[in-house]
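Report on the structure
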Amino acid sequence: MLPTESGPDGPPPEPTSASEPGAVDPRAPFGGAATIAEAYLQAPAITVQSPPRRGPSVLALAIGVVAVLAGSALFMSGVLVGQRIDARPGTPTSRADAFQPFWDTYEAIEDRYAGGDVDQQAIIRGAIRGMVEALEDPYSAYLTPEEYQSGLQDLSGQFEGIGAEIGTRTADGTTGDCATIGPDCTLIVVAPLEGSPAKNAGLLAGDAILRVDGTGLDGLTVDGARDRVRGKKGSTVVLTVQRGSDNPFDVSIVRDVIVQREVIERDLAGGSIGYIHVTGFSDNSARQFHEALKDDVDAGRKKIILDLRGNPGGYVTAARQIASEFIGSGPLFWEEDAQGKQVETDASSGGLATADDVELVVLVDRGSASASEIVAGAIQDRGRGTLVGETTFGKGTVQQWIELQDSGALKLTIAKWLTPDKRWIHRVGIAPDVVVATPEQPDPEKDPALDKAVETLSATGAAGRAA
């Protein structure tokens, strides 16, 4: 999952995004899980980005102004509230009492700390990070300028790392539900990227990562764990992995530059079925998908398989464009902001495969997250096709990336997204119409879910639609 992520879970694109409720420019990335920058090749999810702007500019969704608490002349406690507010323009008068402990602490550190020099910038950044972490939201985070620039590289279409989307799982098996790794919160692989070192090393969706280079991860946020896993091309990282109830085992992975192909197409069943695998949602992937689908339409194919397995998400604009290829009008999803206001996003016109005689099957699994779930939810609720595979990841929130004055960035959950029938799939996922479980020890030569999709479309009278 940078501007806006809708991914287990993705990071600036162009301002405003329909993916980020609250503001309305759908060009925000939905990050599925925490973007293991190296893993979440936001090239698949986010590739076209405008360069970061200086000053407090909204990166993924322009929904408001970010007030930065700052004060050069800090007064001693006990001064009149009015004077204190004048000296601290970022503190609202109505919240002066609530902020007083913050300022008292800051002043005490600045004036009385005797352990060494006080780095004012580090103190302020630490306070910001603490505020965000207090939300206990795995999808909200503060990034220093260095971390932010590193994140931007993830959105460029290539990055250095292992190529695996990561997220978290609680003790009861719920995905994407905890912010700090520990006994009740495990780091997991949401999906290895196609052709990546992680994929080639045998990592699978659902694998738990217990240690990195022999060191445990307890106490780290998902972003902190991601930083442990990523690294320079050519360097090796050793992950201690647990798969299901099996004993933990080590996997050595040589990091590389990850460049992901976003749209993979071919035909099946003697050329009668078009197959398109989308690995992420960016402006580029939406264009590539349109071209691939046009090839199928021009070839006279009326049966289409859209494969969203292992797709961690990306721009909601791209999700809207791809869903609109099959749904000609009406709602694709809803956005609900902090005040409970719901805004509908409808299909855009001009879809290539909206006709009733075009049959559709969508393949999903537990690695399908965020923007992938927007498409899958729209197809299912609108009765436009059949979902085949496993229950999806379950990320139903939208994050907005806001660049701060110090060139760092705040990634904040600013809305929920709902399916056309107003289902909130967060932590629940979307159950497929036809369940096909992924084998614990998959045979690379076999694909049961794809076989079922072909069977569904080949069945006499099958319309490829959910009842």
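Residues numbered from 1 in each chain as written. Predicted model: local features only at pLDDT ≥ 70, side-chain atom pairs only at ≥ 80, totals over all residues. Heavy atoms only, no water.

**Observations regarding the overall build of the chain**
Helices and strands together make up the secondary structure of the chain, namely 11 helices and 21 strands. Of the roughly 19,100 Å² that the chain leaves accessible, carbon and sulfur atoms contribute 50%. (Helix = DSSP H or I, 4+ residues; strand = E, 2+ residues; numbered from the N terminus. Areas by Shrake-Rupley, 256 points an atom, 1.4 Å probe, with all protein chains shown as cover.)

**Thoughts on the nonpolar core**
Counting residues in each nonpolar core, the largest one holds 40 residues, and the members touching the most others are Phe-281, Phe-289, Leu-306, Phe-326, Val-362, Val-375 and Ile-379. At the level of secondary structure, the elements contributing two or more residues to this core comprise strand 12 (273-278), helix 8 (283-298), strand 13 (303-307), helix 9 (316-324), strand 15 (331-337), strand 17 (359-364), helix 10 (371-381) and strand 20 (409-418). The element contributing the most residues to this core is helix 10, with 6 residues. Residue contacts for Ile-379: discarding those within four places in its chain leaves Phe-326, Ile-327, Leu-360, Val-362, Arg-384, Gly-385 and Leu-387. Grouped together as the second largest cluster of nonpolar side chains are 20 residues, Leu-217, Ala-225, Leu-239 and Val-241 included. (Core = buried A, V, L, I, M, F, W, Y, C linked by side-chain atoms within 4.5 Å. Buried < 20%, exposed > 50% of the residue type's maximum accessible area, 1.4 Å probe, protein only. Contact = heavy atoms within 4.5 Å.)

**A look at the packing of helix 3 (residues 96-112) against helix 4 (residues 120-133)**
Where helix 3 meets helix 4, the closest approach of the two axes is 11 Å, and the angle between their N-to-C directions is 155°. Regarding the angle of helix 3 to helix 4, the classification is roughly antiparallel. As for the relative orientation of helix 3 and helix 4, their crossing is right-handed in sense. Where helix 3 approaches helix 4, its residues Phe-102, Tyr-106, Ile-109 and Glu-110 are matched on the opposing element by Gln-120, Ile-123, Ile-124 and Ala-127. Its residues placed into classes, the contact of helix 3 with helix 4 shows 6 nonpolar, 1 polar and 1 charged. (Axes fitted to C-alpha atoms, helices over the stretch in contact; angles between N-to-C directions. Parallel < 35°, antiparallel > 145°, perpendicular 65-115°, else oblique. Left-handed = near helix turned anticlockwise from the far one by under 90°. Nonpolar A, V, L, I, M, F, W, Y, C, P; charged D, E, K, R; others polar.)

**Quick look at the packing of aromatic side chains**
Within the structure shown, the criterion is met by 3 aromatic pairs. Here Trp-103 and Tyr-106 contribute two aromatic rings whose centre-to-centre distance is 6.1 Å and whose plane-to-plane angle is 70°, an arrangement assigned as edge-to-face. In this pair, Trp-103 and Tyr-106 are both assigned in helix 3, 3 residues apart and thus about one turn of the helix distant. Members of the aromatic cluster, joined through ring pairs, are Phe-102, Trp-103 and Tyr-106. Directly above the ring of Tyr-139 sits Lys-395, whose terminal nitrogen or CZ lies 4.7 Å from the centroid. Residue placement shows Lys-422 over the ring face of Trp-334; its charged tip is 4.2 Å from the ring centre. (Phe/Tyr/Trp six-rings, centres within 6.5 Å; stacked < 30°, edge-to-face > 60°. Lys NZ or Arg CZ within 6 Å of the ring centre and 35° of its normal.)

**Quick notes on the side chain of Glu-335**
Within the secondary structure layout, Glu-335 lies in strand 15. Although Glu-335 is buried, it forms no salt bridge, and the closest oppositely charged side chain is Arg-320 at an N-O distance of 9.0 Å. A distance of 3.5 Å separates the side chain of Glu-335 from the side chain of Thr-345, its partner in a polar contact. (Lys, Arg positive; Asp, Glu negative; His and termini not counted. Salt bridge = Lys/Arg side-chain N within 4 Å of Asp/Glu carboxyl O. Polar contact = N/O pair within 3.5 Å; in protein donor to acceptor, adjacent residues only side chain to side chain.)

**Observations concerning the sheet that holds strand 13**
Overall, mixed pairing links the 6 strands, which are arranged 11-12-13-17-18-21 in an open sheet. Every interior strand has two partners, whereas the edge strands, strand 11 (263-268) and strand 21 (434-435), have only one. Pairing geometry for strand 17 and strand 18 (residues 386-389), over 4 bridges, is parallel. Along strand 18, the bridge assignment pairs Val-364 with Gly-389. Across the sheet, helix 11 (residues 448-458) is in contact with strand 11, strand 12, strand 13, strand 17, strand 18 and strand 21; its angle to strand 17 comes to roughly 165°. (Pairing = 2+ DSSP bridges.)

**Structural notes on the environment of Thr-279**
For Thr-279, the position within the fold is in the loop between strand 12 and helix 8. Sequence separation between Thr-279 and Arg-309 is 30 residues; the distance between their C-alpha atoms is 7.7 Å.

**Side note on unusual backbone geometry**
Look at Ala-269: it is not a glycine, yet its phi comes out positive at around 50°. Positive phi, close to 65°, is recorded for Lys-422, a residue that is not glycine. By secondary structure assignment, the location of Lys-422 is in the loop between strand 20 and strand 21.

**A short note on the side chain of Glu-373**
Within the fold, Glu-373 resides in helix 10. Here Glu-373 is buried and forms no salt bridge, its nearest opposite-charge partner Lys-395 lying at an N-O distance of 7.6 Å. Discounting chain neighbours no more than four positions away, the residues touching Glu-373 are Ser-368, Thr-392, Phe-393, Gly-394, Lys-395, Trp-417, Ile-425, Gly-429 and Ile-430.

**Description of the pattern of salt bridges**
If you walk through the whole model with that rule in mind, you get 15 salt bridges. Here Asp-381 makes a salt bridge to Arg-423, at a shortest N to O gap of 2.6 Å. Linking Asp-381 in helix 10 with Arg-423 in the loop between strand 20 and strand 21, this pair joins segments that are 42 residues apart in sequence. With a relative accessible area of 16%, Asp-381 lands in the buried category. Overall, Arg-423 belongs to the partly exposed group, its relative accessible area being 30%. One network of salt bridges, in which partners are shared, links Arg-226, Asp-227 and Arg-230.

**Brief notes about the confidence of the model for the chain**
Close inspection of predicted coordinates is inappropriate for parts of the model with low pLDDT. Of the residues in the chain, 76% have a pLDDT of 70 or more, and the chain-wide mean is 79. Confidence drops under pLDDT 50 across residues 7-87; counting only partners more than four residues distant or on other chains, this segment forms 393 contacts. Low pLDDT (under 50) marks residues 460-467, which in the prediction has 23 contacts with non-local residues, meaning those over four places away or in another chain. (pLDDT = per-residue confidence, 0-100.)

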